[in-house]
Amino acid sequence: MAQNHLPLAEVRQSLRPRWYRCEIERERLRELSQRSDARGWVQAGGHLALFVATGAASAYFWAQESWIAFLAALWLHGTVASFFSGVAPHELGHGSVFRTAWLNRLFLYLFSLISWWDPFDYAASHTYHHRYTTYPAADRENLLPIEPSLRPSLLLQLFTVRVFAKPGRTFGKGGLVWTVYLTVRSALGIKSGHTDIPSQEWLQAVHADQPREFRHSVTWSRLLLLFHGGVLVASIVTGLWVLPLLVTIPSFIASWGTYFTGLPQH
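Residues numbered from 1 in each chain as written. Predicted model: local features only at pLDDT ≥ 70, side-chain atom pairs only at ≥ 80, totals over all residues. Heavy atoms only, no water.

**Q** With reference to specific residues and values, describe the overall build of the chain.
**A** The number of helices and strands found in the chain is 13 helices and 0 strands. Shown N-terminal to C-terminal, the secondary structure of the chain runs as helices and strands in the order α-α-α-α-α-α-α-α-α-α-α-α-α. A globule of 266 residues ought to have a C-alpha radius of gyration of about 18 Å, and the chain, at 20 Å, matches this closely. Put simply, the chain has 266 residues, and 45% of those count as buried. (Helix = DSSP H or I, 4+ residues; strand = E, 2+ residues; numbered from the N terminus. Rg over C-alpha atoms; globule rule 2.2 N^0.38 Å. Buried < 20%, exposed > 50% of the residue type's maximum accessible area, 1.4 Å probe, protein only.)

This is the structure we're talking about:
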């Protein structure tokens, strides 16, 4: 059963967490917080380069009909792509990767587009997460306690293709089926109605409190469907059925790494 929570607009009026401020010199903190375009290109650009390289290798082995090599390369491609969802957009959303602001946004939208991530929903949620960390009245982005599941069916999906995993107590859309379903709902302007799922109940609360960001999310969801639908149409027209495997669903392939970062519960 979903727990009843006050609207976020009401919670903001009374909730005042008393945070502990670590003792650190201002100049030292500024030094540690410096950003660099060069390091950003190494990190984000290097990540993208790995994605392109593993995708090219997968396409090559597919064209050669070397199916074992193709599956191995595709598995590596998915391992790289799975970190486009959540992990990379987190840092890029904070603007902490590149010194140049528009480069952060460029890679944020690119990685989010490939991985079906919603940077607008996440930005609205993450603002509360930092302001009221672990206070469930105003931060349910990662609702504690979180206990990773060891169900064999989930572990199998994490090391192959994450198809049927449901969203749970952490921010996210779940596996491929749930991701497409929730993206279609958002594209139609339908707010999350699955209040029995903690992450979806939280998203509904955020949408009610931040209607402008929800409208941005609707537009982004439509762009996601247009982009990935275009990839599917292109694969049908050209006969290159490998295209969706390389572009549309790689973030759901070999997503074992997200077990340690996203803590799936279903």
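**Q** An account of the packing of helix H3 (residues 37-63) against helix H4 (residues 67-82) is requested, with residue identities and associated values reported.
**A** Two numbers describe how H3 lies on H4: the axes approach to 8 Å, and their chain directions differ by 160 degrees. Classified by the interaxial angle, the pair formed by H3 and H4 is roughly antiparallel. Pair H3 / H4 crosses with left-handed handedness. Listed contacts from H4 to His47, Leu50, Phe51, Thr54, Gly55, Ala57, Ser58, Phe61 and Trp62 of H3 are Trp67, Ala69, Phe70, Ala73, Leu74, Leu76, His77, Val80 and Ala81. (Axes fitted to C-alpha atoms, helices over the stretch in contact; angles between N-to-C directions. Parallel < 35°, antiparallel > 145°, perpendicular 65-115°, else oblique. Left-handed = near helix turned anticlockwise from the far one by under 90°. Contact = heavy atoms within 4.5 Å.)

**Q** Can you tell me about the environment of Trp41, naming the residues and giving the values?
**A** Its place among the elements puts Trp41 in helix H3. Sequence spacing of Trp41 and Thr219 is 178 residues, and the spatial spacing of their C-alpha atoms is 28 Å. Residue contacts for Trp41: discarding those within four places in its chain leaves Gly46, Phe98, Leu103 and Phe107.

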